[in-house]
Amino acid sequence: MRKPYVAGNWKMNLNRAEATALASAIVKAADHKDIDVGMAPPFVYLDAVAAAAKGSGVHVAAQNCYFEAKGAFTGEVSPQMVLDVGCDTVILGHSERRHVLGETDQMINQKVKASLAAGLKVILCLGETLDEREGGRTNAVCERHVREGLKGVTAAQMASVVLAYEPVWAIGTGKTASPEQAQEVHAFVRPLVSALLGKPVADAVRIQYGGSVKADNTFELMSQPDIDGALVGGAALKADSFLTIVQETRKAKGLA
Ligand code: PEP
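Keep in mind that what you see is a predicted model, and the values were worked out from it rather than measured. (Residues numbered from 1 in each chain as written. Predicted model: local features only at pLDDT ≥ 70, side-chain atom pairs only at ≥ 80, totals over all residues. Heavy atoms only, no water.)

**A short note on the nonpolar core**
Item 1. Judged by nonpolar contacts, the single largest core of 66 residues is most densely connected at Trp10, Met39, Met158, Leu163, Val193 and Tyr209.
Item 2. Residues Tyr5, Ala7, Ile91 and Leu231 belong to the second largest nonpolar core, which totals 10 residues. (Core = buried A, V, L, I, M, F, W, Y, C linked by side-chain atoms within 4.5 Å. Buried < 20%, exposed > 50% of the residue type's maximum accessible area, 1.4 Å probe, protein only.)

**Considerations on the site of the ligand**
Item 1. Taken together, 14 residues lie around the ligand, and Lys11, His94, Glu166, Gly172 and Ser212 are the ones closest in.
Item 2. Here an oxygen atom of the ligand sits 2.8 Å away from a polar atom, N or O, in the side chain of histidine 94.
Item 3. At 2.8 Å from an oxygen atom of the ligand is found a main-chain nitrogen or oxygen belonging to glycine 234.
Item 4. For the ligand, whose accessible area on its own is 290 Å², the fraction buried by protein is 95%.
Item 5. Of the residues contributing to the shell around the ligand, the split by class is four nonpolar, eight polar and two charged. (Near = heavy atom within 4 Å. Polar contact = N/O pair within 3.5 Å; in protein donor to acceptor, adjacent residues only side chain to side chain. Areas by Shrake-Rupley, 256 points an atom, 1.4 Å probe, with all protein chains shown as cover. Nonpolar A, V, L, I, M, F, W, Y, C, P; charged D, E, K, R; others polar.)

**Concerning the packing of helix α1 (residues 16–29) against helix α11 (residues 239–252)**
Packed helices, taken two at a time, are described by the angle between their axes plus the distance between the axes.
Item 1. At a closest axis distance of 10 Å, the pairing of α1 and α11 adopts a crossing angle of 35°. The hand of the α1/α11 crossing is right-handed. Along the contact surface, α1 presents Leu22, Ala25, Ile26 and Ala29, while α11 presents Ala239, Phe242 and Leu243. (Axes fitted to C-alpha atoms, helices over the stretch in contact; angles between N-to-C directions. Helix = DSSP H or I, 4+ residues; strand = E, 2+ residues; numbered from the N terminus. Left-handed = near helix turned anticlockwise from the far one by under 90°. Contact = heavy atoms within 4.5 Å.)

**Section: the pattern of salt bridges**
Item 1. Evaluation of the coordinates by the stated rule reveals 18 salt bridges.
Item 2. The closest approach of N and O atoms between lysine 151 and glutamate 148, which form a salt bridge, is 3.3 Å.
Item 3. Here arginine 190 makes a salt bridge to aspartate 228, at a shortest N to O gap of 2.8 Å. Residue arginine 190 is located in helix α8 (residues 179–197), and its partner aspartate 228 is located in the loop between α10 (215–222) and β8 (229–232); the two are separated by 38 residues in the primary sequence. Accessibility assignment for this pair places arginine 190 and aspartate 228 in one class, buried.
Item 4. Through salt bridges with shared partners, one network takes in Arg2, Arg190, Asp226 and Asp228. (Salt bridge = Lys/Arg side-chain N within 4 Å of Asp/Glu carboxyl O.)

**Here's the deal with the packing of aromatic side chains**
Item 1. Applying the stated criterion across every chain, the model contains three aromatic pairs.
Item 2. Ring centres 5.0 Å apart and planes at 45° place the aromatic pair tyrosine 66 and phenylalanine 73 in the tilted group. (Phe/Tyr/Trp six-rings, centres within 6.5 Å; stacked < 30°, edge-to-face > 60°.)

**Looking at the side chain of aspartate 34**
Item 1. In this structure, aspartate 34 sits in the loop between α1 and β2 (36–40).
Item 2. In this structure, aspartate 34 is in contact with Lys3, Pro4, Arg250 and Leu255, ignoring residues within four places of it in sequence.

**Focus on unusual backbone geometry**
Item 1. We note that leucine 14 has phi near 75°; this positive angle belongs to a residue other than glycine.
Item 2. Within the secondary structure, leucine 14 is located in the loop between β1 (5–9) and α1.
Item 3. Phi angles above zero are rare outside glycine, and serine 212 is one such case at about 55°.
Item 4. Inspection of the secondary structure assignment puts serine 212 in the loop between β7 (207–210) and α10.
Item 5. Serine 212 sits in the buried class, given a relative accessible area of 11%.

**Topic: the confidence of the model for the chain**
Item 1. Per-residue confidence for the chain averages 97 on the pLDDT scale, and 100% of its residues sit at or above 70.
Item 2. When mean pLDDT is compared element by element in the chain, strand β6 (residues 161–165) scores highest at 99, while helix α6 (residues 130–134) scores lowest at 95. (pLDDT = per-residue confidence, 0-100.)

**Quick notes on the sheet that holds β7**
Item 1. Pairing in this closed barrel of eight strands is parallel, and the strands run β1-β2-β3-β4-β5-β6-β7-β8 around the ring. Shown here is a sheet whose adjacent strand axes are inclined to one another by a mean of 25°, direction ignored.
Item 2. Two strands pair when backbone bridges link them, and β1 and β8 are joined in this way by four bridges, in the parallel orientation. Residue pairing in the sheet places tyrosine 5 in a bridge with glycine 229 of β8.
Item 3. The strands touched by α8 are β5 (121–126), β6 and β7; relative to β7, the strand with the most contacts, the crossing angle is about 150°. (Pairing = 2+ DSSP bridges.)

**A closer look at helix α2 (residues 46–53)**
Residues lying three or four places apart along an α-helix face the same way, a consequence of the helix completing one turn every 3.6 residues.
Item 1. Residues of α2 that are buried include every one of Leu46, Ala48, Val49, Ala50 and Ala53, and no others.
Item 2. Phi turns positive, to about 75°, at glycine 55, one or two residues after α2.

**Observations concerning the environment of methionine 107**
Item 1. Tracing the backbone through its elements, the reader meets methionine 107 in helix α5 (residues 105–118).
Item 2. You can call methionine 107 partly exposed: its relative accessible area is 30%.
Item 3. Separated by 37 residues in the primary sequence, methionine 107 and arginine 144 have C-alpha atoms spaced 13 Å apart.
Item 4. Setting aside chain neighbours within four positions, we find methionine 107 in contact with Phe67 and Gly102.

What follows is the structure, given as structure tokens:
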């Protein structure tokens, strides 16, 4: 069985005291021996959150990084810096990076390769907009995100990659994809990974679902066979709801 993975993307929220308190509460209470748990605070709180998580096994992720190691790239942060501050993971290709900040598949692919080469684990996000879904292009868009995002990534490196299917229309909107809608896309992505990188990689790769995951819809979503965890936005900002999502995931996967 694939080890489930629940990660919280805190986006541009919280202050230093709140981020530290949330991280400490999660580290203290999360039952993560049979499940991966991760938290992705804003860059400026990574050091505080990494200090709170040190030695716990809870993953700390940046929400983005650049693809160069250093240089004249004002405002950017390199994979090496993300590692240096105590993170082990970076989220790349989030829909807000794609659609609000204009990141292209090519840019995201450069970031994926640079992050893996530096020794980071990567959560690579993919997913269609409402227009794309209504236009019948869900699979084509998800296929492009996976193919382009993983271009040049080796089967061995895939041990450090988690995919996150996040339909854009379900992010922060309160509209969750139904378990069947989500499973359908996950079951489309896995054979695609198999075609690109082989069946053992496809069988092993974790595919998280993200998009208005909450304590009360987690069990149903996580009961789907190809959904291996969650990438959680809004509901990750409170320790209670995030910890309940972790517990509901463990239950859905027969671990509790
Ligand atoms: C996200 O940003 O990755 C996300 C899924 O947000 P929300 O849970 O708030 O929809």
